[in-house]
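Structure assessment
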Amino acid sequence: MYVRGFIRTYARFLGVSGEQAVAYFNESIGEHAKVDEQVLVSAPRRRPSVWLWVAAVAALALVAFVAYSYYQFQQNGGSQVASTSPTDTPQPAASADASPLGHAPVPGKHVRGNGKRTLEVRVTQASWLLVKIDGTQALEGIFPPGTTKEFHGKQAVIRAGNAGGVDLTVNGRALGSMGRSGAVVDRTIGLVEE
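A quick note: this is a predicted structure, and the numbers were derived from the prediction, not measured.

Contact geometry for helix α1 (residues 2-14) and helix α4 (residues 50-75): axes closest at 11 Å, N-to-C directions at 10°. The angle between α1 and α4 places the two elements in the roughly parallel class. In this structure, α1 contributes Tyr2, Phe6, Thr9 and Phe13 to the contact, and α4 contributes Leu52, Ala56, Leu62, Val63, Val66 and Tyr70. Here the contact of α1 with α4 is built from residues that sort into nine nonpolar, one polar and no charged.

Structure below.
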């Protein structure tokens, strides 16, 4: 019961169907999880073990942490960015003429005039995506490999349910994948030219 409740809560947080996730869990454990009802009726009542209480408290603490993190993310307008680098090595400070993404500028690659840049999202592995452009939801759903979408605006917020399967390109410059395969990653990208 606790595991299924946790799976439902976590699935809702990720934006997928909680019932489908529980159904998949039930299929994966198969016959091992079925309990003979007669044994339950005839078994003497015992107090729950200490380990059951510890597991319940840990599950509740995890659910509370996830809920709090989601609340903080919503309060910050989705501007919280998850770390996507595999190591925690410090990055060099951006120079005054660096792009908004912290990369050195590439001559001839900037678009001047309209103050907007282009974001291209390319799906290489099936992934759930949420894209907001200038605070307006522009895309949400599960997309198959080969899907490519292009967006124009001043700021983009991208959340990927399988970060390793989503490649980003800003103004023709490939940024690579958003993170590791299977990782849920949020990224905010300023698209306005300085």
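Okay, α1 next. Along its 13 residues, α1 runs 18 Å from first to last C-alpha, staying within 8% of the 18 Å computed at 1.5 Å per residue. Note on α1: the residue one or two positions beyond its end, Gly15, has a positive phi of about 85°.

We now examine the environment of Phe151. With respect to the helices and strands, Phe151 occurs in strand β4 (residues 148-153). Residues contacting Phe151, with those up to four places away along its chain left out, are Arg117, Thr118, Leu119, Val121, Val131, Ile133, Ala138 and Leu139.

Sheet strands pair by backbone hydrogen bonding; their relative direction is either parallel or antiparallel. The antiparallel open sheet is built from four strands, whose spatial order is β3-β2-β5-β8. Edge positions in the sheet fall to β3 (136-143) and β8 (185-190), since each of these pairs with one other strand and no more. Taken over all neighbouring pairs, the strand axes of this sheet differ in orientation by 15° on average, direction set aside. Pairing geometry for strand β2 (residues 127-133) and β3, over seven bridges, is antiparallel. Paired with Ser127 across the two strands is Phe143, which belongs to β3.

Next up on the list: the sheet that holds strand β6 (residues 166-170). Spatially, the four strands line up as an open sheet ordered β4-β1-β6-β7, and their pairing is antiparallel. The open sheet is flanked by β4 and β7 (173-177), the only strands paired with a single partner. When the angles between neighbouring strand axes are averaged without regard to direction, this sheet yields 20°. Of the pairings in the sheet, the one linking β6 to β7 comprises four bridges and is antiparallel in character. Following the sheet pairing, Leu168 is matched in β7 by Gly176.

Let us look at the pattern of salt bridges. Applying the stated criterion across every chain, the model contains three salt bridges. One salt bridge connects Arg122 with Asp167, and the closest N-O pair in it is separated by 3.0 Å. A residue pair is termed long-range when its members are at least 10 positions apart, and Arg122 in strand β1 (residues 117-123) and Asp167 in strand β6 qualify at 45 residues. Across the salt bridge formed by Arg159 and Asp186, the nearest N and O atoms sit 2.6 Å from each other. Here Arg159 is found in strand β5 (residues 155-160), whereas its partner Asp186 is found in strand β8, with 27 residues between them in sequence. The residues Arg159 and Asp186 share a single accessibility class, namely buried.

Reading the values: the criteria
- Residues numbered from 1 in each chain as written.
- Predicted model: local features only at pLDDT ≥ 70, side-chain atom pairs only at ≥ 80, totals over all residues.
- Heavy atoms only, no water.
- Axes fitted to C-alpha atoms, helices over the stretch in contact; angles between N-to-C directions.
- Helix = DSSP H or I, 4+ residues; strand = E, 2+ residues; numbered from the N terminus.
- Parallel < 35°, antiparallel > 145°, perpendicular 65-115°, else oblique.
- Contact = heavy atoms within 4.5 Å.
- Nonpolar A, V, L, I, M, F, W, Y, C, P; charged D, E, K, R; others polar.
- Expected span 1.5 Å × (residues − 1).
- Pairing = 2+ DSSP bridges.
- Salt bridge = Lys/Arg side-chain N within 4 Å of Asp/Glu carboxyl O.
- Buried < 20%, exposed > 50% of the residue type's maximum accessible area, 1.4 Å probe, protein only.

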